Amino acid sequence: MHYKYQCDIKAVDFWRLSMYHTYHSFIGVCNIVFGVSMILLAFRFWNQVGDVMQAVLFMACLIIPVIQPLGVYLKAKTQAAVAPQGTELVFEEDGIHVTLGGQYELIRWNRVKNIVKEAGMLIVFTDASHGYMLTNRLLGREKEKFYQDVKAHINACGKG
């Protein structure tokens, strides 16, 4: 097994991950119900209210499909700005060789907790809340083979 990747995480990757988690949860269902309700309310009462209420209804209709994703993107830009760029990951039989800014670390397979398929990426978790994001554009055609190889190494350590 030998895979070598230069991580290049962009704001859109954080945005996609956040939106995926939002809309695959109860909050996402509530967002959809709220958004549809606001649009129905706007259509129902549009001709019966004045200009100020029409503006309020219009803004309420924009909250879920426009304002919320824009806010999530602004947060994602902040996350991408502080995320370490240029991390080199080499996946070998003995573990994950991580190089960043001249510093090197070997993460043995027994320290890797999981690999998860997410929205347009794979995340290799080194603990419950930290991991390495590998996007589909980075993995290319070898995504599934890479996933299977890493999963096999994690399972071999009894964590799968």
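Residues numbered from 1 in each chain as written. Predicted model: local features only at pLDDT ≥ 70, side-chain atom pairs only at ≥ 80, totals over all residues. Heavy atoms only, no water.

(A) Looking closely at the environment of G140. Position of G140 among the secondary structure elements: in the loop between α4 (136-139) and α5 (143-156). For the pair G140 and H21, spaced 119 residues apart in sequence, the C-alpha to C-alpha distance is 23 Å. (Helix = DSSP H or I, 4+ residues; strand = E, 2+ residues; numbered from the N terminus.)

(B) Layout of the pairing of strand β3 (residues 95-100). Alignment of strand β2 (residues 88-92) against β3, held across five bridges, turns out to be antiparallel. Bridged to F91 within β3 is I96. Counted along the chain from β2 to the antiparallel partner β3, the turn is two residues long. For β3 and strand β4 (residues 103-108), the ladder comprises six bridges, and the chain directions are antiparallel. Bridging across to β4, H97 finds its partner in L106. Linking two consecutive strands that pair antiparallel, namely β3 and β4, is a turn of two residues; a positive phi of about 55° is found at G101 within it. (Pairing = 2+ DSSP bridges.)

(C) Quick peek at the packing of aromatic side chains. If you walk through the whole model with that rule in mind, you get six aromatic pairs. Their ring planes at 85° and their centres at 5.4 Å tell us that Y5 and F146 sit as a pair that is edge-to-face. Residue Y5 is found in strand β1 (residues 3-6), and its partner F146 is found in helix α5; the two are separated by 141 residues along the sequence. Judged by relative accessible area, which is 4%, Y5 ranks as buried. One aromatic cluster is present, formed by Y3, Y5, F91, W109 and F146 through successive ring pairs. The side chain of R44 reaches across the aromatic face of F45, ending 4.8 Å from its centre. The ring of Y147 carries K117 above its face, with NZ or CZ at 4.5 Å from the centroid. (Phe/Tyr/Trp six-rings, centres within 6.5 Å; stacked < 30°, edge-to-face > 60°. Buried < 20%, exposed > 50% of the residue type's maximum accessible area, 1.4 Å probe, protein only. Lys NZ or Arg CZ within 6 Å of the ring centre and 35° of its normal.)

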